[in-house]
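The primary structure of each chain is shown beneath.
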Protein chains: 2
Amino acid sequence: MTSSNKTVSVLLGAQWGDEGKGKIIDYLIENHKINVTARCQGGNNAGHTVVANGRKYDFHILPSGIISPTCFNVIGNGVVVNLDAFFSELAHNGILEESGWEKRIMISSEAHLVFGVHSQVDGRQEDSLAAKNKIGTTNRGIGPTYSSKCFRNGIRVADLMADFEEFSEKYRRLVEHYKKQFPSIEVNVDEELAKFKQHREKLAELKLVGDTVGFIHEQRNAGKQVLVEGANGALLDIDFGTYPYVTSSNSTVGGACTGIGVPPTAVGNVIGVVKAYQTRVGTGPFPTELFDSDGEKLQTIGKEVGVTTGRKRRCGWIDLFLLRRSAMINGYTAIALTKLDILDTFPTIKVAVGYKLNGQVLSSPPAQANAWGAIEVEYKEFEGWNEPTVGVRKFEDLPEKCRQYVKFIEDFIKVPIVYIGVGAERESLIVRQQ
Amino acid sequence: MTSSNKTVSVLLGAQWGDEGKGKIIDYLIENHKINVTARCQGGNNAGHTVVANGRKYDFHILPSGIISPTCFNVIGNGVVVNLDAFFSELAHNGILEESGWEKRIMISSEAHLVFGVHSQVDGRQEDSLAAKNKIGTTNRGIGPTYSSKCFRNGIRVADLMADFEEFSEKYRRLVEHYKKQFPSIEVNVDEELAKFKQHREKLAELKLVGDTVGFIHEQRNAGKQVLVEGANGALLDIDFGTYPYVTSSNSTVGGACTGIGVPPTAVGNVIGVVKAYQTRVGTGPFPTELFDSDGEKLQTIGKEVGVTTGRKRRCGWIDLFLLRRSAMINGYTAIALTKLDILDTFPTIKVAVGYKLNGQVLSSPPAQANAWGAIEVEYKEFEGWNEPTVGVRKFEDLPEKCRQYVKFIEDFIKVPIVYIGVGAERESLIVRQQ
Ligand SMILES: Nc1nc2c(ncn2[C@@H]2O[C@H](COP(=O)(O)OP(=O)(O)O)[C@@H](O)[C@H]2O)c(=O)[nH]1
Ligand SMILES: Nc1nc2c(ncn2[C@@H]2O[C@H](COP(=O)(O)OP(=O)(O)O)[C@@H](O)[C@H]2O)c(=O)[nH]1
């Protein structure tokens, strides 16, 4: 999969998340001898679905490699960890019943902890905003946790594992800090501390906490293949996304370096996962959004409902103007185009190829939130192929019009489309020769 | 300097900042046809000194390329921008008197703005901490600005350049937000807004704001050489540093990707700048710190006084245990060893080669702040060379014992030491063949 010492591959959502990353990761683990999967950013706001081993898994904080007995799993320093979610996810995905699972997972001692108070802050802050300014957060406390991290009163996993009195004091100070800002916050400090004490004992007993930076470095030196799984999507990046309607971490490729401590010089493949149309959860700019029957059809056939939130996703045509930007920033070496089968029954399919603002052609997406509302999208129209693609396994066997659609995307963003998803099942994947 | 399409080089401080990065950058600009220099993180808390063109420049927020008439300068999206500091730095370094300077600089419209209120929050928060917990911030509001960014009520340059009413409203909300937490904050809102209105006019008139991501991408495609200047130092990184005694951004190499939007696949050289001994400003762990006459001597001969803060720097022996970690995370392709001449008169020189905690040999630095206090350092001792090196221009002409010292460092971290600084002047530099 990679050459020389560039044994780190990064897989990223190239849009606003929910691109179907789980299935591609699953394929790569199975077919490319991935030894380590690692999460580098985000928290349990993300959500992958993996259909494998005759069951459906949903992961929010766990790396997908947990379902493969030969894969080691790292929760990197850049992740913000909700320990309640971590343990309950292990439980409800049936991982705890597998023997030796604990020897295949390590949480970075440098990762920051998400507390209940962070979720409450999320809610209070969102409530305090006028309707038009609401960010549409998932209320998991992810943003406030990253904010604490930068404020340098964040609390890390290492703090929990060290002196518990000191940890408790830090925690109390954190609660006080936020209570000043949002007096309505209610926290049962003693209960929370008791719970964290339990988490601590479990983490210590199972030896789940460690130096993930050093571990991955050793693995790399031993020639092992590391796959970093991005969460969220490039257009939700705190820097390059549609700020402030973004997630509070770098979901672009740089987040893999900052979030697990691998240098750029170790990164070989960067795989962008792109849905054949566009979706977005919550509020925020979405120029190609559809409010008509096509939009409803995408939502229904595509089963576009959030795994984490249960919210219906907004749907629209694929936005190649934004995808080109996403490719510029991430340097994708390959694209995985997913859910192409969802377009099988559309008589006409559109793709966004340019933006105008006040009659002027734009060379880059607006950096200011309000400008998005006034964007005029330039579309290219394709005739639909009107044929099922779900059984197809070779690119040449796709309908001619379907291949044209794929090739247009490829030419537009100048990155080879190597994987094409044509159904929810593991097998419904076309892999093109490079 | 670089091969193929990897035209981005990153220069980083490998310790706690103040490694003498300015001089190496100056050399690279002069000798490696650098077309673009870019700042990717931090704010005006950093400080480079560049001695060139017969004068001394000190830069905090400006990229060093500003002194070279052929160099374009980018302040990337990852930087937090204090506009007062920006304009006054241009003025007091004499840049405003050069014709056409404004055509050689671009501030990212995606960069976040530092406001007076952020500096006040810095001070209030630091005051609220017990003496032992103080972080030793420079009170420039850098941490709170990054914290606002993650909280998603940060205000970006693009907001300032768009509708001013809307900007004012956002600004007022930000002040209110922080006033709830720190009621003693005093801000003259109208005065601040009037000042920002002026800044806005100046930025617009001089066309200083733009899409730096797209710009750098174009430059790369045209084969231009880009040099990213890290600020602070790797051991101050928000993730990999001695948290919470760190700066609030990624000062390791990943920060170059997240802070200017270049993919890892574009990064060729990563140059780590390492002082021949160790210094640190403010509070925080420093296992090799010296409290004896050797420490004083390093401080005096090394002129170890902060450019930005005027604070005396703490001094000690070089810490190779931490430097190896820094190399692991950043993947340095070359090292610049600076201020070697400062060691010329020491009869004995020590280097840290390992850490023990409670009698146990450590494989990685502690992730928890308190553990640092109990670290036992293992040293290797070198006899000093007791000869001036300041005039030396070839590695072979360095005293034998001095070369041994350099080679030991090189072998320990397994990265070639390509540049060796032996004096403050531009010329006092040894460049070794690779
Ligand atoms: N029809 C169809 N469904 C797919 C395809 N690829 C993935 N899926 C399904 O789409 C959903 C993936 O979305 P989600 O888990 O939200 O995305 P992720 O977070 O990026 O992994 C799951 O239900 C998958 O089984 C595909 O090519 N076609
Ligand atoms: N004696 C000596 N001084 C040097 C050398 N390299 C840089 N300097 C001086 O050290 C200082 C650089 O430190 P500083 O500006 O704080 O570091 P920076 O922020 O990393 O650029 C300046 O005064 C330089 O002139 C060297 O090799 N020897």
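Scoring rules and cut-offs
- Residues numbered from 1 in each chain as written.
- Chains lettered and ligands numbered in written order.
- Predicted model: local features only at pLDDT ≥ 70, side-chain atom pairs only at ≥ 80, totals over all residues.
- Heavy atoms only, no water.
- Helix = DSSP H or I, 4+ residues; strand = E, 2+ residues; numbered from the N terminus.
- Buried < 20%, exposed > 50% of the residue type's maximum accessible area, 1.4 Å probe, protein only.
- Contact = heavy atoms within 4.5 Å.
- Areas by Shrake-Rupley, 256 points an atom, 1.4 Å probe, with all protein chains shown as cover.
- Lys, Arg positive; Asp, Glu negative; His and termini not counted.
- Charge placed at Lys NZ, Arg CZ, Asp CG, Glu CD.
- Phe/Tyr/Trp six-rings, centres within 6.5 Å; stacked < 30°, edge-to-face > 60°.
- Lys NZ or Arg CZ within 6 Å of the ring centre and 35° of its normal.
- pLDDT = per-residue confidence, 0-100.
- Near = heavy atom within 4 Å.
- Polar contact = N/O pair within 3.5 Å; in protein donor to acceptor, adjacent residues only side chain to side chain.
- Nonpolar A, V, L, I, M, F, W, Y, C, P; charged D, E, K, R; others polar.
- Buried area = accessible area lost by both parts, 1.4 Å probe.
- Salt bridge = Lys/Arg side-chain N within 4 Å of Asp/Glu carboxyl O.
- Pairing = 2+ DSSP bridges.
- Axes fitted to C-alpha atoms, helices over the stretch in contact; angles between N-to-C directions.

### A word on the overall build of chain A
Counting its secondary structure elements, chain A contains twelve helices and 20 strands. With the principal axes as the frame, chain A shows a C-alpha extent of 65 × 50 × 40 Å. The buried share of chain A, taken over its 434 residues, is 66%. For chain A, long-range pairs separated by at least 24 residues make up 76% of all intrachain contacts whose partners lie at least 6 apart in sequence. Accessible surface, chain A: about 15500 Å² in total, of which carbon and sulfur atoms supply 49%. When the 50 positive and 51 negative side-chain charges of chain A are each reduced to one mean point, those points stand 2 Å apart.

### Some remarks on helix α8 (residues 212-221) of chain B
Residue and element names in this part refer to chain B. Counting buried residues along α8, eight of its ten residues qualify, which places the element largely inside the surrounding structure. The set of residues buried in α8 consists of T212, V213, G214, F215, I216, H217, Q219 and R220. In the stretch just after α8, G223 is the one whose phi turns positive, near 80°.

### Some points on the packing of aromatic side chains
Applying the stated criterion across every chain, the model contains 34 aromatic pairs over all chains. With a centroid separation of 5.9 Å and 45° between ring planes, the pair formed by F167 of chain A and F196 of chain A is classed as tilted. Of this pair, F167 of chain A sits in helix α6 (residues 164-181) while F196 of chain A sits in helix α7 (residues 189-205), placing them 29 residues apart in sequence. Its relative accessible area of 4% is what places F196 of chain A among the buried residues. Among the aromatic residues, those joined into a ring-pair cluster are F115, F164, F167, Y171 and F196 of chain A. The positively charged end of K380 of chain B is found above the aromatic ring belonging to F382 of chain B, 5.3 Å away from the centroid. The positively charged end of R432 of chain B is found above the aromatic ring belonging to F395 of chain B, 3.9 Å away from the centroid.

### Section: the confidence of the model for chain A
Here chain A averages 92 in pLDDT, while 97% of its residues score no lower than 70. Quick note on the complex model: pTM equals 0.94, ipTM equals 0.93.

### Considerations on the site of ligand 1
All names here are of chain A. In the region of ligand 1, 19 residues are neighbours, and K21, G22, G47, T49 and D341 sit closest. Measuring from an oxygen atom of ligand 1, one finds a backbone N or O atom of G421 at 3.3 Å. Contacts to ligand 1 include V422, whose backbone N or O atom sits 3.4 Å from an oxygen atom. About the coverage of ligand 1: the protein hides 90% of its 600 Å² of free accessible area. Elements with a minimum of two residues in the shell around ligand 1: α1 (21-31) and β3 (48-52). Ranked by residues supplied to the shell around ligand 1, first place goes to α1 with three residues. Taken together, the residues that form the shell around ligand 1 break down as four nonpolar, eight polar and seven charged.

### Quick look at the site of ligand 2
All names here are of chain B. Taken together, 19 residues form the shell around ligand 2, and within it K21, G22, G47, T49 and D341 come nearest. Residue R313 places a side-chain N or O atom 2.9 Å away from an oxygen atom belonging to ligand 2. Note that an oxygen atom of ligand 2 is positioned 3.4 Å from one of the backbone N or O atoms of V422. Bound to the protein, ligand 2 loses 90% of the 590 Å² it would expose on its own.

### Digging into the interface of chain B and chain A
Each partner contributes to the interface: chain B provides 74 residues, whereas chain A provides 74 residues. Roughly 6000 Å² of surface becomes buried between chain B and chain A when both sides are summed, with 53% attributable to carbon and sulfur atoms. The tally of links between chain B and chain A comes to five salt bridges. The residue D211 of chain B makes a salt bridge to R325 of chain A at a minimum N-O spacing of 2.8 Å. Between chain B and chain A we count 30 residue pairs in polar contact (both at pLDDT 80 or more) in total. Of the residues in the side of chain B that touches chain A, the class split is 26 nonpolar, 32 polar and 16 charged.

### Regarding the pattern of salt bridges
Across all of its chains, the model carries 39 salt bridges over all chains by this definition. Its salt-bridge partner being E304 of chain A, residue R313 of chain A comes within 2.7 Å of it at the nearest N-O pair. What makes R313 of chain A buried here is its relative accessible area of 8%. When its relative accessible area of 0% is taken as the criterion, E304 of chain A is described as buried. Measuring nitrogen to oxygen at the nearest pair gives 3.5 Å for the salt bridge that ties E102 of chain B to K103 of chain B. K103 of chain B sits in the exposed class, given a relative accessible area of 61%. Among the charged side chains, a network of salt bridges with common partners joins D18, K275, E304, R313 and K339 of chain A.

### What about the sheet that holds strand β2 (residues 36-39) of chain B?
All names here are of chain B. Strand order in this open sheet of ten strands is β9-β7-β5-β2-β10-β1-β11-β15-β19-β20, and the pairing throughout is mixed. Looking at strand neighbours, the two that pair on one side only are β9 (209-210) and β20 (429-431), the edges of this open sheet. In the sheet, strand β11 (residues 267-275) pairs with strand β15 (residues 334-338) via five bridges, with the strands oriented parallel. In the strand pairing of β15, K275 is matched with T338.

### Describing the pairing of strand β7 (residues 105-108) of chain A
Residue and element names in this part refer to chain A. Every second residue of β7 is oriented toward a common face, with I105 and I107 on one face and M106 and S108 on the other, all of them buried. By the bridge criterion, three bridges tie strand β5 (residues 72-75) to β7 in an arrangement that is parallel. Of the residues in β7, the one forming a bridge with I75 is I107. Both β7 and strand β9 (residues 209-210) contribute to a ladder of two bridges, which runs parallel. Bridge assignment links S108 to a residue of β9, and that residue is G210.

### Here we look at the pairing of strand β4 (residues 55-59) of chain A
Consecutive side chains along a regular strand alternate between the two faces of the sheet. Across five bridges, β3 of chain A lies against β4 of chain A in antiparallel orientation. Paired with T49 of chain A across the strands is D58 of chain A, a residue of β4 of chain A.

### Focus: the sheet that holds strand β10 (residues 226-229) of chain A
Residues and elements named next belong to chain A. Pairing is mixed across the open sheet formed by ten strands, whose spatial order is β9-β7-β5-β2-β10-β1-β11-β15-β19-β20. Each having just a single partner strand, β9 and β20 (429-431) make up the two edges of the open sheet. Across the sheet, helix α8 (residues 212-221) touches β1 (8-13), β2 (36-39), β5, β7, β9 and β10, and the angle it forms with β5 is around 140°.

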